[in-house]
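# Working through the structure, step by step
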Amino acid sequence: MTKRKAIFPGSFDPFTAGHESVVERALPLFDNIIIAVGDNISKTTMLSLSKRIELIKIVFKGDPKVEVVSYTGLTVDFAKMHNCKFILRGLRTSADFEFERAIGQTNKLLNEEIETVFILARPEHTFISSSIIRDVYKNNGDLTHLLPNRITKADLEI
Ligand code: ADP
């Protein structure tokens, strides 16, 4: 039987407790989830690509269903290359919805065979974003409730 595979693309600068929840809750739906960390030269990130990947690998260490890779180019092309029929995304707010709708509909136009699947943020994760974490981190705040349990502030250091 063909495997039901999903790709979860994002910048993950850094990966948050909200991202972790999306992956965990989507796991029962798929045989494999590939977390695809965008390597976008036109976007400046706080963390290097290798650091962003390293942190996500800590979170899913020991889970054979989750793979972490970097990617460039169109998400639908990368999904097709890895035999993923599903793109996984998270939704926090109506602003997310409008943003995701445009991307999802564009991706549908680019590849009819790939479906985007959305997981709603848990209420306690709705306010969490990578940019909030970057702000708190730069100003030495407590990141305990914002980062996945397995990642500490020290892990973010280069
Ligand atoms: P991108 O740069 O592609 O927006 P992000 O790393 O910011 O990548 O987010 C990846 C996906 O995770 C997006 O679909 C985003 O809406 C979703 N997401 C971000 N934060 C949360 C959260 N706290 N809860 C649920 N989903 C989230």
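Coordinates for the structure precede this section.
## Examining the pairing of strand S1 (residues 5-10)
Buried residues dominate S1, accounting for 6 of its 6 residues. With helix H1 (residues 17-26) bridging S1 and its parallel neighbour strand S2 (residues 32-38), the resulting β-α-β unit is right-handed. Of the strand pairs in this sheet, S1 and strand S4 (residues 86-91) are connected by 2 bridges, and their pairing is parallel. Bridge pairing in S4 links Ile7 to Ile87.

## Overview of helix H5 (residues 130-138)
Along H5, the residues classified as buried are Ser130, Ile133 and Tyr137. End-on view of H5: buried residues confined to an arc of 60°, all on one side of the axis. In this structure, the buried residues of H5 make contact with H1 and helix H6 (153-156). Positioned one or two residues after H5, Asn140 has a phi angle of 65°, which is positive.

## Describing the pairing of strand S5 (residues 115-120)
Pairing analysis gives 6 bridges linking S4 to S5, with the strands arranged parallel. Its bridge partner being in S5, Ile87 is matched across the sheet by Thr116. Read as a crossover between parallel neighbours, the route from S4 over helix H4 (residues 94-110) to S5 is right-handed.

## Quick look at the site of the ligand
Around the ligand, a shell composed of 17 residues is seen, among which Ser11, Gly90, Glu100, His125 and Ile128 lie nearest. Ser11 is positioned such that a nitrogen or oxygen atom in its side chain is 2.5 Å from an oxygen atom of the ligand. About the coverage of the ligand: the protein hides 87% of its 560 Å² of free accessible area. At the level of elements, S1, H1, S4 and H4 are the ones that each hand at least two residues to the shell around the ligand. Residue classes in the shell around the ligand are distributed as 6 nonpolar, 6 polar and 5 charged.

## Structural notes on the side chain of Asn111
Relative to the helices and strands, Asn111 is located in the loop between H4 and S5. Within polar-contact distance, the side chain of Asn111 engages the backbone nitrogen of Glu113 at 2.8 Å.

## A closer look at the pattern of salt bridges
Oppositely charged side chains may form a pair once their charged atoms are brought near each other. Following the criterion strictly, the structure yields 7 salt bridges and no others. Between Glu100 and Arg89 there is a salt bridge, and its shortest N-O distance comes to 2.8 Å. Separated by 11 residues along the polypeptide, Glu100 in helix H4 and Arg89 in strand S4 bring together distant segments of the chain. For the residue pair Glu100 and Arg89, the accessibility class agrees, reading buried in each case. Arg122 is the salt-bridge partner of Glu124, the closest N and O atoms lying 2.9 Å from each other. By relative accessible area, which is 44% here, Glu124 ends up partly exposed.

Rules used throughout
- Residues numbered from 1 in each chain as written.
- Predicted model: local features only at pLDDT ≥ 70, side-chain atom pairs only at ≥ 80, totals over all residues.
- Heavy atoms only, no water.
- Buried < 20%, exposed > 50% of the residue type's maximum accessible area, 1.4 Å probe, protein only.
- Helix = DSSP H or I, 4+ residues; strand = E, 2+ residues; numbered from the N terminus.
- Right-handed = clockwise from strand over helix to strand, strands pointing away.
- Pairing = 2+ DSSP bridges.
- Arc of directions from axis to C-beta.
- Contact = heavy atoms within 4.5 Å.
- Near = heavy atom within 4 Å.
- Polar contact = N/O pair within 3.5 Å; in protein donor to acceptor, adjacent residues only side chain to side chain.
- Areas by Shrake-Rupley, 256 points an atom, 1.4 Å probe, with all protein chains shown as cover.
- Nonpolar A, V, L, I, M, F, W, Y, C, P; charged D, E, K, R; others polar.
- Salt bridge = Lys/Arg side-chain N within 4 Å of Asp/Glu carboxyl O.

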